[in-house]
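Working through the structure, step by step
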Amino acid sequence: MEGLNNMVKTARSQGWIKGFEVAKNGNNSLEVTHLQYADDTLIFCDAKEEQLRFLRIILVLFEGISGLHINWRKSHLFPVNEVPEMEHLALILGGEVGSLPTIYLGMPLGAKSKSKLIWNSVIEKCEKKLARWKSQYLSLGGRLTLINSVLDSLPTYMMSLFPIPAGVTQRLDRLRRSFLWQGNKEKRVVHLVKWKSLTIGKAHGGLGIRNLKNQNKALKMKWLWRYSQEIETLWSKVIKAKYGEEDKWVSKVVNTAYGVSLWKSIRSLWPVMKSHSSIRVNNGNKTSFWKDNWLGVGCLKELFPDIYGLVQHQHRTIAEVWTPQGWDLIFRRMLNDWEVDRLTKFYKQLEDFKGLQSGVDTLWWQGHNKGSLFYLAASKGGCLDPRQSQKERDSTVFKVLSMRGNSRDNQPSISSLHCTTTDQLWKIFINLRAGMKLEVEQETEIDGGLSQHVFGGQSGKKGILDVLRTGATQYRRSS
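The model shown is predicted, which means the values in this text are computed figures rather than measured ones.

Quick notes on the overall build of the chain
When helices and strands are tallied, the chain shows 20 helices and 12 strands. Looking at the chain as a whole, 38% of its 479 residues are labelled buried. Partitioning the intrachain contacts of the chain with sequence separation of at least 6 by distance along the chain shows that 59% fall at a separation of at least 24. For the chain, the computed accessible surface area is about 28,800 Å², with 52% contributed by carbon and sulfur atoms.

A word on the environment of Tyr308
The topology assignment puts Tyr308 in helix α14 (residues 305-310). Separated by 18 residues in sequence, Tyr308 and Trp290 place their C-alpha atoms 7.6 Å apart.

What to know about the confidence of the model for the chain
Here the chain shows a mean pLDDT of 78. Residues at 70 or above account for 74%. The low-confidence segment residues 374-418 (pLDDT under 50) makes 97 contacts with residues lying over four places distant or belonging to another chain.

A closer look at the pattern of salt bridges
Scanning all chains against the criterion turns up 11 salt bridges. Put simply, Glu31 and Arg12 hold a salt bridge, and the shortest N to O gap is 3.9 Å. Remark: Arg12 occurs in helix α1 (residues 2-13) and Glu31 occurs in strand β2 (residues 30-32); sequence separation between them is 19 residues. A relative accessible area of 24% places Glu31 in the partly exposed class.

Some remarks on the pairing of strand β4 (residues 40-43)
Pairing of strand β3 (residues 34-37) with β4 involves 4 bridges; the strand directions are antiparallel. Residue Leu35 lies in a different strand from β4, and its bridge partner there is Leu42. The hairpin formed by β3 and β4 contains 2 residues between the paired strands, and Ala38 there has a positive phi angle of roughly 55°.

Considering a nonpolar patch on the surface
On the surface, Trp16, Phe54, Ile57, Leu61 and Ile65 cluster together to form a nonpolar patch covering roughly 510 Å² of accessible area. Mapped onto the elements, Ile65 comes out in helix α2 (residues 49-66).

Side note on helix α4 (residues 120-133)
In this model α4 runs 20 Å from its N-terminal to its C-terminal C-alpha over 14 residues, within 8% of the 20 Å that 1.5 Å per residue would give. Where α4 is concerned, the buried positions are Val122, Ile123, Cys126, Leu130 and Trp133. Angular distribution of buried residues about the axis of α4 spans 95°; they occupy a single face of the element. Among the exposed residues of α4, those oriented more than 90 degrees off its buried face are Lys128 and Ala131. Where the residues of α4 are buried, they touch α5 (140-151), α6 (156-159) and α7 (166-182).

Brief notes about the packing of α1 against α2
Orientation of α1 relative to α2, taken along the N-to-C sense of each, is 150°, at an axis distance of 10 Å. Between α1 and α2, the angle falls in the class roughly antiparallel. The two elements α1 and α2 meet at a crossing, and its hand is right-handed. Together, Leu4, Met7 and Ala11 of α1 and Ile58, Leu59, Leu61 and Phe62 of α2 make up the contact between the two elements. Here the contact of α1 with α2 is built from residues that sort into 7 nonpolar, no polar and no charged.

Examining the side chain of Thr33
With respect to the secondary-structure elements, Thr33 resides in the loop between β2 and β3. Of the polar contacts made by the side chain of Thr33, one reaches the side chain of His34; its length is 2.8 Å. Apart from residues lying up to four places away in sequence, Thr33 is in contact with Val8, Arg12, Gly19, Leu42, Ile43 and Phe44.

A short note on the side chain of Arg267
One can find Arg267 in helix α11 (residues 261-267). With a relative accessible area of 7%, Arg267 lands in the buried category. Apart from residues no more than four positions distant in its own chain, Arg267 is found in contact with Leu224, Glu246, Val250, Ser251, Lys252, Val253 and Val254.

Considering the packing of helix α9 (residues 212-229) against helix α10 (residues 234-243)
How two helices pack is summed up by the angle between their axes together with the distance between the axes. Put simply, α9 and α10 touch, their axes get as near as 10 Å, and they point 95° apart. As summarised for this structure, α9 and α10 are arranged roughly perpendicular, according to the angle between their axes. Contacts between α9 and α10 involve Trp223, Arg226 and Tyr227 on the former and, on the latter, Trp235, Ser236, Ile239 and Lys240. By residue class, the composition of the contact of α9 with α10 is 4 nonpolar, 1 polar and 2 charged.

Describing unusual backbone geometry
A cis amide bond, omega 5°, links Leu100 with the succeeding residue Pro101. Mapped onto the elements of the fold, Pro101 is located in the loop between β6 (96-97) and β7 (102-104). The backbone of Ala38 sits at a positive phi, close to 55°, despite the residue not being glycine. Given the relative accessible area of 60%, Ala38 is considered exposed. At Asn81, a position not held by glycine, the phi torsion is positive, near 65°. With respect to the element layout, Asn81 can be found in the loop between β5 (76-77) and α3 (86-93).

Conventions used here
- For every chain, the first residue of its written sequence is number 1, and the numbers climb from 1 along that sequence.
- Where totals are concerned, whole chains, interfaces and linings use all residues; where local detail is concerned, this predicted model gives features only for residues with pLDDT of at least 70, and gives and counts side-chain atom pairs only at 80 or more.
- Excluded from the side-chain calculation are hydrogens and water; included are all heavy atoms of the structure.
- Only runs of H or I of at least four residues qualify as helices and only runs of E of at least two qualify as strands under DSSP, and these elements are numbered from the N terminus.
- Whether a residue is buried, partly exposed or exposed follows from its accessible area with a 1.4 Å probe, protein chains only, as a fraction of its type maximum: under 20%, in between, or over 50%, in that order.
- For this analysis, residues touch if any pair of their heavy atoms sits within 4.5 Å.
- Methods summary: accessible areas were calculated by the Shrake-Rupley approach with a probe of 1.4 Å, and residue burial reflects only the protein chains presented.
- pLDDT expresses, on a scale from 0 to 100, how confident the predictor is about each individual residue.
- Just to be clear on terms, a salt bridge is a Lys or Arg side-chain nitrogen sitting within 4 Å of an Asp or Glu carboxyl oxygen.
- Pairing between strands is defined by DSSP: at least two bridges between the two strands are required.
- Patch rule: a residue counts if its relative accessible area is over 30% and it has no salt bridge; like charges are joined within 9 Å, and nonpolar side chains (Val, Leu, Ile, Met, Phe, Trp, Tyr) within 5 Å.
- Each helix should span, by expectation, one fewer than its residue count multiplied by 1.5 Å.
- Read the arc as the range of directions from the helix axis to the C-beta atoms.
- Axis angles are defined between N-to-C directions and span 0 to 180 degrees, where every axis is a line fitted to C-alpha atoms and, for a helix, only to the segment in contact.
- Roughly parallel covers angles under 35 degrees, roughly antiparallel covers those over 145, roughly perpendicular covers 65 to 115, and oblique covers all other angles.
- Helix crossings get a hand from a simple test, with the near helix turned counterclockwise from the far one by less than a right angle marking a left-handed crossing and a clockwise turn marking a right-handed one.
- Residues are grouped as follows: nonpolar covers Ala, Val, Leu, Ile, Met, Phe, Trp, Tyr, Cys and Pro; charged covers Asp, Glu, Lys and Arg; every other residue, Gly included, is treated as polar.
- Pairing of N or O atoms within 3.5 Å defines a polar contact, subject to two protein rules: one partner must be a possible hydrogen donor and the other a possible acceptor, and residues neighboring in sequence count only if both atoms are side-chain atoms.

Spelled out as structure tokens, the structure:
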């Protein structure tokens, strides 16, 4: 495919074909003629007969030289806007005439980024998975494992680029929530714990089920992270040419109203990204001395606004300000007596800087010890280990579903063992399975306490509790 790449580049340099121009801003002008991924190739050109004939010759020569054959049945021509005589142009080049929007490499191409229709395939995949799983008898731990490993991963590919609509999030949450509590039961069951508590990480008392909204934000923020690191990649050059640069780390704010919604939704997350990251200085060429957070405590412009107003060359980088003898700051005037103490504190703030090093300046994520961007707020879930014994699984499920009833704040917690109500209730279930004699203490407290925690003390909801109490009493009499 490298040979085809060079042939298309030669045709472009000779003026035989012309791609599309991303922008016409002098030095930022960029023209894209083709994109390649593995054995797939996208070629952009004008809807002119002579350009298509040149393109046909290139493809025929490539077949003869490389020995590879182009599958014309799978090749399509996609017109952008209205193109006259499209059928005639298709006969010249070969292939079929397609229409936008379409699917390319699993992503919608030419579709509206905020449309709910592009998420139909993701919802259908989740429903198909659930239809097959519901025919099996799975424990609560098994259903939780499938949710964390499969259902949470299905929308990840789409969420890595497109903003997920609120309606789609609610639909997927409803599918996951119903499958977790209901399983293969036909009747509606009571959800013992609210969904918001389940999406908290296991270390903080939840089940680690991912919050799709937060995961979508984290995946989109990764593009902002990559934009500051991958300077020479084609996609970053396209963003730079189309929107311009605000600084060395991010593009300008997107203000236009047409054809920019995708990057606009990503660029809007930069304030959150900036507040949680700092800059690791190496050669100092990308980092602004005054406006970037390279000290880890905030930018110097905000920490010392009075000193910032006194210096000249406020847009200089660290490489331009630093010298082997120290900081080279030029002030507009002589300092007053009351400004000397302030300048002393300013220089004391810079004492930890050890000088410039080799390498490129990089962003440093403050919430991670290695400084790399991770899925913030998309909690990492835990699940039951299939290698555990049945007794260990029962103990784990008990820990997950117990609720704290004797705490001071009287708030539900998923991983607490301090509730005598659920403790007694789970002893009933575990002892029934093991064939042991039941010893139910404070039967009335079990009923009232569980009714208060699960149903909020509402009347008309004690039928389920009466069934549990009757079943335990009958088993005790039979034993």
